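Geometric and topological summary
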Amino acid sequence: MWILDDSAATPFWRPRTPRPGTVLLFTTRRGGTSRAPYDTLNLGRSTEDDPAFVLANRERLLLAAGLDPARLATAGQVHGTRVVEVEGPGHHADCDALVTRVPGVTLAVTTADCMSLLYSAPGVVAACHSGWRGTVDGMPAATLEAVCRLAGCAPDAVHVAIGPAIRGCCYEVGEEVASRFPAAAVRRTGVKPHLDLPTAARLALEAAGVAPNALHDTGACTACEAHHYFSHRRDHGLTGRHWGVAALIEAPGAGGGE
Ligand SMILES: [Zn+2]
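The paragraphs below set out a description of the structure included in this document.

Thresholds, definitions, all that
Residues numbered from 1 in each chain as written. Predicted model: local features only at pLDDT ≥ 70, side-chain atom pairs only at ≥ 80, totals over all residues. Heavy atoms only, no water. Helix = DSSP H or I, 4+ residues; strand = E, 2+ residues; numbered from the N terminus. Rg over C-alpha atoms; globule rule 2.2 N^0.38 Å. Buried < 20%, exposed > 50% of the residue type's maximum accessible area, 1.4 Å probe, protein only. Contact = heavy atoms within 4.5 Å. Areas by Shrake-Rupley, 256 points an atom, 1.4 Å probe, with all protein chains shown as cover. Lys, Arg positive; Asp, Glu negative; His and termini not counted. Charge placed at Lys NZ, Arg CZ, Asp CG, Glu CD. Arc of directions from axis to C-beta. Core = buried A, V, L, I, M, F, W, Y, C linked by side-chain atoms within 4.5 Å. Donors = N, O, S within 2.8 Å, 3.2 Å for Na, K, Ca; no water. Tetrahedral: all angles 85-135°; square planar, octahedral: opposite > 155°, others 65-115°.

Some thoughts on the overall build of the protein chain
Assigned secondary structure in the protein chain consists of 5 helices and 15 strands. Here the C-alpha atoms of the protein chain give a radius of gyration of 17 Å, agreeing with the 18 Å that 2.2 N^0.38 yields for 258 residues. Dimensions of the protein chain, computed from the C-alpha atoms along their principal axes, are close to 60 × 45 × 35 Å. Burial status across the protein chain gives 52% buried among its 258 residues. Contacts spanning at least 24 positions in sequence make up 59% of the contacts within the protein chain whose residues lie at least 6 apart. In the form shown here, the protein chain has an accessible surface area of approximately 11,100 Å², with 53% of it arising from carbon and sulfur atoms. Averaging the positions of the 23 positive and the 26 negative side-chain charges in the protein chain gives two centres separated by 2 Å.

Given below as C-alpha cells:
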C-alpha cells in the first residue's frame, strides 16, 4: 500500500512499508521553487523553466528522501522498450527504463501524464517510463524481465508500483490507439474511447507472473487533480514534470561510504 504524506514540505508518494534497503517514491507538483506554469516542484529539464529552479527542485526532493543528488541516473525516454542496467550516475539517452543492483545510485524517470512504474526485487530496483506506445510495445513486462534477470528471481518475487498518470476518466484517444489495447483497459461510455494505461500495465504484469497483491497503484489521475499534479494534456504542453524514483540504500559500513 502506498501513501501520500500531505503534511511534508515536499510531499511524495511512498510505500507504507518499504522493502528493507530500498527507497521508492513518486513526486507531486508541490513543495518546489518553480513559478507558474511550472509551479512548483518541476523536475523536468526538457521544459522552458529556469534550469536553476529545476536543479534546486531536484536537490530539494532527493535530500528530503535521503538520497544523494550527485548519484542520479536518468533516461532519455524515447517511447521505446529498451531497459539499461545502470552501475553509476549519468544520463542514458536511448532507453525508457533503468535497472540497478548498485546501492546509492538513484534512478529517476520523468512524466507529466505517462505512467511511471517502479519495481523492487531482492537487491534490485528499476524505474520505467511507459506511455501508450511503450505500453502497447511491452515496456512494463520488458522491465520486469530485466529485474528478474538481474535479481535472479521469479516474477512473483517482484513488487511493482504504478504512479500518478492520466487515466480512463480523462485520457481520450482515437480508435486507432484504443483498438491496440485489451477491452478491459478502454472505457467506451462517451463519444470517444478513453484509455486507462494503469489497467493495461496491470494486465500485462499479471500475465507475466506478478502477484496481484504485489501490484500497488497510487490511483492518482494527473489530469483530474490539478492541485497535486502536472498534466501535459490538461495544460496543453505548458507544464512541469514529475519523477518516479527508485534506489537501493547503502548499508552502513558496507564500504565506499563516508
Ligand atoms: Zn482523470
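What to know about helix H5 (residues 197–207)
Since the α-helix turns once every 3.6 residues, residues separated by three or four places project in the same direction. If you check which residues of H5 are buried, you get Leu197, Pro198, Ala200, Ala201 and Leu205. In a view along the axis of H5, the buried residues occupy a sector of 160°, so they form one face of it. The positive-phi residue at the C-terminal boundary of H5 is Gly209, with phi of around 110°.

Considering the nonpolar core
Residues Tyr119, Val147, Val158, Val160, Phe181 and Leu195 are the most contacted members of the largest nonpolar core, which totals 38 residues. Secondary structure elements with two or more residues in this core: strand S7 (97–100), strand S9 (115–121), strand S10 (124–130), helix H3 (139–151), strand S11 (159–162), helix H4 (175–178) and H5. Counting 21 residues, the second-largest nonpolar core is a separate cluster that includes Val86, Leu107, Val125 and Ala127.

Details of the coordination of the zinc ion
Bound to the zinc ion on the protein side are Cys169 (SG), Cys170 (SG), Cys221 (SG) and Cys224 (SG), at distances that span 2.2 to 2.3 Å. Taken together, the 4 donor atoms surrounding the zinc ion define angles of 101 to 118° at the centre, an arrangement classified as tetrahedral. Spacing between the donor residues of the zinc ion along the chain follows C-C-x50-C-x2-C. Linking Cys169 in the loop between S11 and H4 with Cys224 in the loop between strand S14 (215–217) and strand S15 (242–248), this pair joins segments that are 55 residues apart in sequence. Cys169 gets classed as partly exposed once you look at its relative accessible area, which sits at 38%.

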